[in-house]
Amino acid sequence: MANLVWILLLIVPASLAFFNPAEKLASDLMRQYGATCLRPIRNQDDPIEVTLDAPPSAIFEFVELRQKITLQTHFTMIWKDEKLTWVEDEYNGTDIIHLPLSEIWVPDIVVVESTDHSSPCPASTLVTVTSDGTVTATCLFMTTTFCRILVKYFPFDYQHCSLTYMSWVYDHSMFHLEEEGHDLHVDGVLVNGVWELADLEVEHIDPAPMNCSRGSDGGGGTTCEHSPHSQIRYTVELRRTQSLFYGIALFLPSCLMSFMNILVFCLPVESGEKISFIMTNVLALILFQQLVSSSLPPSGDDHPIVGNHLARMVISGCVAIVCTVGVLRVHYRRTPFPKTLLRIFRSPFMRCLLACIRFESFYLRRDEAPPRAISSVRRASHNGSVKHPTHAELVVTREIANQSEPRRFCEEDMVRWEELARLLDWVICIVIAMLNIFFYAILIVDLVTQDPDEYHHGIGEGEDH
């Protein structure tokens, strides 16, 4: 009796498993399925239609220097497999069954821009099959793709990255790829701390001419190769979220250093720090320019506006260095002051201008008598001791003037060269300030009037041509 119980316990579960409708259905479908390398349609001349829905769901990483982006997508494929149909009543009303992806035919969907050559769904994925042969494969697909970086408006830039899906083996005559018609939302997309998803678009690309070239016979004809594959392209528009960080860490220091380049001309020559001061500022600007260049990929389309601005600031600093060297040479010059310059500075306009900025040394005249000799004669005349200087006294006065003229001449020339150096400092300071204001006006106009969509569209048309 005990042996009979043990036999029943072993036989009954096996019988129940054998007569399980779902298990029997799976066994029947796999037994009669046949080769998985052939499209599951009775007439191999007809195309098979595949509906694809693969919107990006998360942005994990965007390596700008290597122009690569890592995305995660909710990948869904729907197609009809004519080998996976059954009558529901024959299997106790079973209308849905789950089968392993490795046991049936699967569309060979690939991402054109992919750099890791990964398959959308692994072989262990279970697909859902209905009684009419509709197969639905759903999985999370993570891929790393190439994304061309356009650096012109860095760091206030938008980037457009594409995910193009197509069949690698079957052309349009055997494989129709269609998109699932529903609205795309960007609210639920996970983003990192640097980029955010601004927009998401999807389009169906029919086979179209591409790779056009003129005929080799020298005629006016054009030969075009056709893309035989049906494609679906998702375009992701990314907006940088760290613009304020770059504004504080990059623009503010460069603005302050360019202002300090102006202050170098207010520094007295006697301090001996003018050259070292401005060289330090120029080296700091060069460092900021290198930081911008090292964070962006080399691009032949255009240069970043910020990089161009920093280059202009470096040029302005180099001009300031050259001007500072010239001012120092003028200040320490020990040659006679040119008469031509002296006549220019004694013109009525220059006299008024120099009077406003208090450069009095240019008013001295070389042919005037020494102040001490003339003042002594005037004091004697005022006291009544000498009412009218005699000829001998005038001769003595001229001799004293001739004897004292070389010493007074050298001192006056030295003072005039120093005053000229101060005047040049004042003029160059105004010119460099106006030049920097002009450069910053160019930067602001370029950033305010930017149109990323038009810029990307223009680049795209250039690539098509």
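Just so it is clear, the structure is predicted and the values come from calculations on it, not from any experiment.

The rules behind these values
- Residues numbered from 1 in each chain as written.
- Predicted model: local features only at pLDDT ≥ 70, side-chain atom pairs only at ≥ 80, totals over all residues.
- Heavy atoms only, no water.
- Helix = DSSP H or I, 4+ residues; strand = E, 2+ residues; numbered from the N terminus.
- Buried < 20%, exposed > 50% of the residue type's maximum accessible area, 1.4 Å probe, protein only.
- Contact = heavy atoms within 4.5 Å.
- Pairing = 2+ DSSP bridges.
- Axes fitted to C-alpha atoms, helices over the stretch in contact; angles between N-to-C directions.
- Expected span 1.5 Å × (residues − 1).
- Arc of directions from axis to C-beta.
- Disulfide = S-S within 2.5 Å.
- Parallel < 35°, antiparallel > 145°, perpendicular 65-115°, else oblique.
- Left-handed = near helix turned anticlockwise from the far one by under 90°.
- Nonpolar A, V, L, I, M, F, W, Y, C, P; charged D, E, K, R; others polar.
- Polar contact = N/O pair within 3.5 Å; in protein donor to acceptor, adjacent residues only side chain to side chain.

Okay, the environment of Ile97 next. Among the secondary structure elements, Ile97 is positioned in strand β4 (residues 96-100). Since its relative accessible area comes to 6%, Ile97 is described here as buried. A C-alpha to C-alpha distance of 9.8 Å links Ile97 and Val135, two positions 38 residues apart in sequence. Beyond its immediate chain neighbours, meaning those up to four positions away, Ile97 contacts Ala22, Leu25, Ala26, Leu29, Trp86, Val127, Thr128 and Val129.

What follows covers the sheet that holds strand β8 (residues 158-167). Ordered in space as β5-β8-β13-β10, the 4 strands form an open sheet in which the pairing is antiparallel. Each end of this open sheet is capped by a strand with a single partner; those strands are β5 (109-111) and β10 (195-205). Neighbour-to-neighbour, the strand axes of this sheet turn through a mean angle of 20°, independent of strand direction. In this sheet, strand β13 (residues 231-240) lies alongside β8 in antiparallel orientation, the contact comprising 9 bridges. Residue pairing across strands places Ser162 opposite Thr235, the latter belonging to β13.

We now examine helix α4 (residues 274-294). Taking 1.5 Å of rise per residue, the 21 residues of α4 would be expected to cover 30 Å, and the 31 Å separating its terminal C-alpha atoms lies within 8% of that figure. Those residues of α4 that sit buried are Lys274, Ile278, Asn281, Val282, Ala284, Leu285, Phe288 and Val292. The buried residues of α4 occupy one face: seen down the axis, they fall within an arc of 155°. Seen from the open side of α4, the exposed residues pointing more than 90 degrees away from its buried face are Thr280, Leu283 and Leu287.

The full count for this structure, using the stated rule, is 2 disulfides. Note that Cys121 is cross-linked by a disulfide to Cys139, the S-S spacing being 2.1 Å. On the sign convention where negative is left-handed, the bridge of Cys121 and Cys139, at about -80° about the S-S bond, is left-handed. Residue Cys121 is located in the loop between β5 and β6 (126-130), and its partner Cys139 is located in strand β7 (residues 134-146); the two are separated by 18 residues in the primary sequence. For the pair Cys121 and Cys139, a shared accessibility class is recorded, and that class is buried. One disulfide bridge connects Cys147 with Cys161, the sulfur atoms lying 1.9 Å from each other. Given an S-S torsion of about -80°, the disulfide between Cys147 and Cys161 has left-handed geometry. One end of the pair, Cys147, is in the loop between β7 and β8; the other, Cys161, is in strand β8, and 14 residues separate them in sequence. This pair shows no difference in class: Cys147 is buried, exactly as Cys161 is.

In this section: the packing of helix α3 (residues 243-263) against helix α5 (residues 305-331). The N-to-C vectors of α3 and α5 enclose an angle of 20°; their axes lie 10 Å apart at closest approach. Between α3 and α5, the angle falls in the class roughly parallel. Remark: the crossing between α3 and α5 carries left-handed chirality. In this structure, α3 uses Leu250, Phe251, Ser254, Ser258 and Asn261 to contact α5, whose residues at the interface are Val306, Leu310, Met313 and Gly317. Across the contact of α3 with α5, the residue classes tally to 5 nonpolar, 4 polar and no charged.

Our focus in this paragraph is the side chain of Arg240. By the secondary structure assignment, Arg240 is in strand β13. Within the local environment of Arg240, its side chain forms a polar contact with the side chain of Glu64, the two groups lying 2.8 Å apart. Reaching out from Arg240, the side chain makes a polar contact with the side chain of Asp157 at a distance of 2.8 Å. Discounting residues that sit within four places of it in the chain, Arg240 has contacts with Glu64, Phe154, Pro155, Asp157, Val194, Trp195 and Tyr246.

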